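Here's the letter readout for the chains.
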Amino acid sequence: MIRAPSFDPCRPCRRRRAPRRGLAALVLVLALALLVGTFAIVIGKTAANSRKHERDQQMIALLESAIHTAQTLGDELASGLRLPVDDDANVWIDVKLIDSDDQSKQIEATLVRNDRPGMSIRRQLRGNS
């Protein structure tokens, strides 16, 4: 009679398994991809914020220049002023005198694109307290 093979837990297995390195390598690659992706997103957001800040500073300087130009006009400003920035792009600056009190007159400059108002700043009228 033929004996059925018996299982002996103490006896080492004749076939050895190949070590599983594929799964560890996949986890390592995914972790590295996540790290690189996060770094790229952070760098991209930082660059975008820097460009936005620089563009906002240029707009503020442009609006302040328009206010300075309007202050040199004096009494002619009462009706408002429209200063063209780019005729092809339909961009201009509206400058007007704001009367909140008799003592504090302010000049407001608003950047307008395609009949839609954008950034706006107000400054005290020079010569008034």
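Residues numbered from 1 in each chain as written. Predicted model: local features only at pLDDT ≥ 70, side-chain atom pairs only at ≥ 80, totals over all residues. Heavy atoms only, no water.

### Comments concerning the sheet that holds strand E3 (residues 105–113)
Going by this rule: Whether two strands pair comes down to DSSP finding at least two bridges between them. Elements are defined by DSSP. Helices are runs of H or I of four residues or more, strands are runs of E of two residues or more, and each kind is numbered from the N terminus. To obtain each axis, a line is fitted to C-alpha atoms, and for helices this fit is confined to the stretch in contact; angles are then taken between N-to-C directions over 0 to 180 degrees. The contact criterion used is simple: two residues touch if any of their non-hydrogen atoms lie within 4.5 Å.
Here four strands make up an open sheet; going across it, the order is E1-E2-E3-E4 and the pairing antiparallel. The open sheet has two edge strands, strand E1 (81–86) and strand E4 (116–124), and neither has a second partner. Each neighbouring strand pair of the sheet contributes to a mean axis angle of 20 degrees, computed without reference to strand direction. Here E3 runs beside E4; their pairing, made up of seven bridges, is antiparallel. Note on E4: the bridge partner recorded for alanine 109 is isoleucine 121. Each of E1, strand E2 (91–99), E3 and E4 is contacted by helix H1 (residues 22–73), which is oriented at about 60 degrees to E4, the strand it contacts most.

### Quick word on the packing of aromatic side chains
What counts, and what does not: Think of it this way: a Phe, Tyr or Trp ring, Trp meaning its six-membered ring, pairs with another when their centres are within 6.5 Å, and the plane angle makes it stacked under 30 degrees, edge-to-face over 60, tilted otherwise. A ring has a charge above it when a Lys NZ or an Arg CZ is no more than 6 Å from the ring centre and no more than 35 degrees off the ring normal.
Summed over the entire model, instances satisfying the criterion amount to zero aromatic pairs. Over the ring of tryptophan 92 we find arginine 82; its NZ or CZ atom is 3.6 Å from the centre of that ring.

### What about unusual backbone geometry?
Phi angles above zero are rare outside glycine, and asparagine 114 is one such case at about 50 degrees. Structurally, asparagine 114 can be placed in the loop between E3 and E4. If you check the backbone angles, aspartate 115 has positive phi at about 65 degrees while not being a glycine. Here aspartate 115 is to be found in the loop between E3 and E4.

### Description of the confidence of the model for the chain
Caution applies to low-pLDDT parts of the model: their predicted coordinates are not meant to be read in detail. Put simply, the test is: Residue-level confidence of the predictor is summarised by pLDDT, bounded by 0 at the bottom and 100 at the top.
Summarising the model, the chain shows a mean pLDDT of 84, and 78% of its residues fall at 70 or more. Predicted confidence in the chain is weakest over E1, with a mean pLDDT of 87, and strongest over H1, with 93.

### A short note on the pairing of E1
With five bridges connecting them, E1 and E2 associate as antiparallel partners. Its bridge partner being in E2, leucine 81 is matched across the sheet by valine 95. Taking the residues that link successive antiparallel strands as the turn, the E1-E2 hairpin has four residues, and the phi of asparagine 90 there is positive, at about 60 degrees.

### Quick notes on the environment of arginine 122
In plain terms, the rule: Burial status follows relative accessibility: with a 1.4 Å probe on protein chains alone, a residue under 20% of its type maximum counts as buried, one over 50% as exposed, and anything between as partly exposed. We call two N or O atoms a polar contact when they sit within 3.5 Å, provided that within protein one can donate a hydrogen and the other can accept it, with sequence-adjacent residues counted only if both atoms are side-chain atoms.
By secondary structure assignment, the location of arginine 122 is in strand E4. Accessibility expressed as a relative area gives 43% for arginine 122, which makes it partly exposed. Beyond its immediate stretch of four places on either side in the chain, arginine 122 contacts Ile98, Gln106, Ile107 and Glu108. Side-chain polar atoms of arginine 122 contact the side chain of glutamate 108, separated by 3.3 Å.

### Comments concerning H1
To keep things clear, this is the line we draw: Expected helix span is computed as 1.5 Å times (number of residues minus one).
Between its first and last C-alpha, H1 extends 77 Å over 52 residues, near the 76 Å set by a 1.5 Å rise per residue. When H1 is considered as a whole, its buried residues turn out to be Asp56, Met59, Leu63, Ala66, Ile67, Ala70 and Gln71. Next to the buried residues of H1 lie E1, E2, E3 and E4. After H1 finishes, the residue glycine 74 shows a positive phi value of roughly 75 degrees.

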